[in-house]
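Chain and residue survey
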Amino acid sequence: MYGHAVKCKEQLDADNRFLDKCDQEFKNRKEASDYYTTRGWDYFRKDSIELATKRFNQGWLLDSANAGPYWGFAAIAGQQKDYELSISYFDRAHQYDSTNAELCNDAVISLGQRFFEINNTAYLRKAIGYLMTATRYHPNDSRTYASLVKCYINLPQKDSAQKYLTIVDKLDPEMIAPEIRQELFH
């Protein structure tokens, strides 16, 4: 999936052998997909991007409706500063796991970076959509509300930023840096 390369016969045969092996070793392909996706994250955290990509691809091959591989591809693209590609993978991941607040918060990072690259507020508005989803499923996550404050400051919609600052301060007042507070109240 990642790289969209056209596979030759040998690669397709290797894929089929891999799938057959997984069919024998796991209860089902979803379980196998989760296993390989988890290994992908292990390699990603060790900064072994080539192996992480391989494992995410294997996870995708096993279950193309698993959000995990798309999330992994998004993280890799974001690490490589290809934020547009990262966002497209986050969107795909979100299609398959629309209630995952952590996924939503991670997507906001790429959306924010893309906003800062080209100064297009459409990315902030999309980030706000992801964050509002996150608040529905994790209403006490101070990080989500802090991100909303930052989005609204950059729009600028200081009244909305102040609204979410009040919520952040109730949850964790340390989440908002003094310079952001100063920008908000001056």
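Computed from a prediction, not measured in an experiment: that's the story for all the values here. (Residues numbered from 1 in each chain as written. Predicted model: local features only at pLDDT ≥ 70, side-chain atom pairs only at ≥ 80, totals over all residues. Heavy atoms only, no water.)

1. Concerning the packing of aromatic side chains
Summed over the entire model, instances satisfying the criterion amount to 14 aromatic pairs. Their ring planes at 20 degrees and their centres at 6.1 Å tell us that Y145 and Y164 sit as a pair that is stacked. Taken together, the residues span a long stretch of sequence, with Y145 in helix α8 (residues 142-154) and Y164 in helix α9 (residues 158-171) at a distance of 19 residues. By way of ring pairs, the aromatic residues W41, F44, F56, Y70, W71, F73, Y89 and Y96 are connected into one cluster. One cation-aromatic arrangement involves R39 over Y35; the distance from NZ or CZ to the ring centre is 4.7 Å. (Phe/Tyr/Trp six-rings, centres within 6.5 Å; stacked < 30°, edge-to-face > 60°. Helix = DSSP H or I, 4+ residues; strand = E, 2+ residues; numbered from the N terminus. Lys NZ or Arg CZ within 6 Å of the ring centre and 35° of its normal.)

2. Comments concerning the packing of helix α6 (residues 101-118) against helix α7 (residues 121-137)
Where α6 contacts α7, the two axes come as close as 8 Å, and the packing angle between them is 170 degrees. Considered as vectors, α6 and α7 are oriented roughly antiparallel to each other. Residues A101, C104, N105, A107, V108, L111, R114, F115 and I118 of α6 form the contact with α7, whose own contacting residues are T121, Y123, L124, K126, A127, Y130, L131, T133 and A134. Looking at the contact of α6 with α7 residue by residue, the classes come out as 13 nonpolar, 3 polar and 2 charged. (Axes fitted to C-alpha atoms, helices over the stretch in contact; angles between N-to-C directions. Parallel < 35°, antiparallel > 145°, perpendicular 65-115°, else oblique. Contact = heavy atoms within 4.5 Å. Nonpolar A, V, L, I, M, F, W, Y, C, P; charged D, E, K, R; others polar.)

3. Comments concerning the nonpolar core
F44, F90, Y130, L148, V149, Y152 and I176 are the most contacted members of the largest nonpolar core, which has 45 residues in total. Setting aside anything within four residues of it in sequence, one finds V149 in contact with A161, Y164, L165, V168, I176 and I180. In terms of nonpolar packing, the next biggest core, distinct from the first, is built from 7 residues, C22, F26, A32 and L62 among them. (Core = buried A, V, L, I, M, F, W, Y, C linked by side-chain atoms within 4.5 Å. Buried < 20%, exposed > 50% of the residue type's maximum accessible area, 1.4 Å probe, protein only.)

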